[in-house]
Amino acid sequence: MKQFFNFSKGNIIRFILLSAIISFFYFEGFISLTLFMFFEIIFLIRFINVKNYVEVKLLNHYPAYEHLPGWAKWVIILVAYLIIFMILKWILINLILEGIFNIPINSELQEMSASLANSS
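Throughout this document, residue positions are counted from 1 along each chain, in the order its sequence is written. Per-residue local features are limited, in this predicted model, to residues with pLDDT of at least 70; the limit for side-chain atom pairs, both in listing and counting, is 80 or more; totals at the level of whole chains, interfaces and linings are taken over all residues. Side-chain measures were taken over the full set of non-hydrogen atoms in the model, leaving aside hydrogen atoms and water.

1. A look at the packing of helix α3 (residues 50-61) against helix α4 (residues 70-100)
Each pair of packed helices can be summarised by the angle the axes make with each other and by the distance between the axes. We apply this condition: Angular values range over 0 to 180 degrees, each being the angle between N-to-C directions of two axes fitted as lines to C-alpha atoms, with helices fitted over their stretch in contact. Numbering of helices and strands runs from the N terminus, with a helix taken as a DSSP run of H or I at least four residues long and a strand as a DSSP run of E at least two residues long. Two helices crossing with the near one rotated counterclockwise from the far one by less than a right angle form a left-handed crossing, whereas a clockwise rotation gives a right-handed crossing. Residue contacts follow a heavy-atom distance rule, with two residues in contact if any of their heavy atoms lie within 4.5 Å. We call Asp, Glu, Lys and Arg charged. Ala, Val, Leu, Ile, Met, Phe, Trp, Tyr, Cys and Pro are nonpolar, and the rest, Gly among them, are polar.
It is at 10 Å that the axes of α3 and α4 come closest, and there the two elements cross at 115°. Taken as a pair, α3 and α4 cross one another with a handedness that is right-handed. Along its contact with α3, which presents Val-50, Lys-51, Val-54, Glu-55 and Leu-58, the element α4 presents Trp-74, Ile-76, Ile-77, Ala-80, Tyr-81 and Ile-84. Residues that form the contact of α3 with α4 fall into these classes: 9 nonpolar, no polar and 2 charged.

2. Focus: the packing of helix α2 (residues 33-45) against α4
Basically, it comes down to this: Convention used here: angles under 35 degrees read as roughly parallel, angles over 145 as roughly antiparallel, angles from 65 to 115 as roughly perpendicular, and any remaining angle as oblique.
Contact geometry of α2 with α4 gives a least axis separation of 10 Å together with a crossing angle of 125°. It follows that α2 is oblique to α4 by the angle criterion. Crossing angle aside, the handedness with which α2 passes α4 is right-handed. When α2 is examined against α4, the residues Met-37, Phe-38, Ile-41, Ile-42, Leu-44 and Ile-45 are found in contact with a partner set consisting of Tyr-81, Ile-84, Phe-85, Leu-88, Lys-89, Leu-92 and Leu-97. The class makeup of the residues in the contact of α2 with α4 is 12 nonpolar, no polar and 1 charged.

3. Comments concerning the packing of aromatic side chains
To keep it simple, the criterion reads: Any two of the Phe, Tyr and Trp rings considered here, Trp counted by its six-membered ring, make a pair once their centres fall within 6.5 Å; the pair's planes then place it as stacked at under 30 degrees, edge-to-face at over 60, or tilted in between. Over a ring means this: the NZ of a Lys or the CZ of an Arg is within 6 Å of the ring centre and within 35 degrees of the ring normal.
Throughout the structure, instances matching the rule amount to 11 aromatic pairs. An aromatic cluster of three or more residues is present, and its members are Phe-5, Phe-7, Phe-15 and Phe-47. Positioned over the ring face of Tyr-65 is Lys-73, at 5.7 Å from the centre of the ring.

Structure representation (structure tokens):
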């Protein structure tokens with residue numbers, strides 16, 4: 001499993017730099033906490049090499065994956081990214097922010113989705 005993580009010096013520096021920029025925008029009030037969390041999850045996904053993981057796991061178990069067209073392979077990888085994004089979102093929001101720090105971000109997400117549903 002360690003072969004699918006990329007903790008190179010460049011990735012760590014890029015994560016710290018982009019997190020600092022997004023933190024600045026959050027503390028200045030330019031973006032909401034929800035958007036801040038979205039960007040942090042996207043930055044964390046860069047440490048996982050999802051494409052290699054999916055290809056190694058699918059090629060070992062499903063040899064037909066090798067003969068799929070390029071667009072089908074990208075759809076499978078996109079679905080894998082979305083699943084990893086949702087897992088990281090659940091861990092970050094439910095366990096860390098609400099469980100440990102008691103920040104009610106889940107209610108903010110529900111209010112935002114309710115306002116979007118009412119506007120359309």
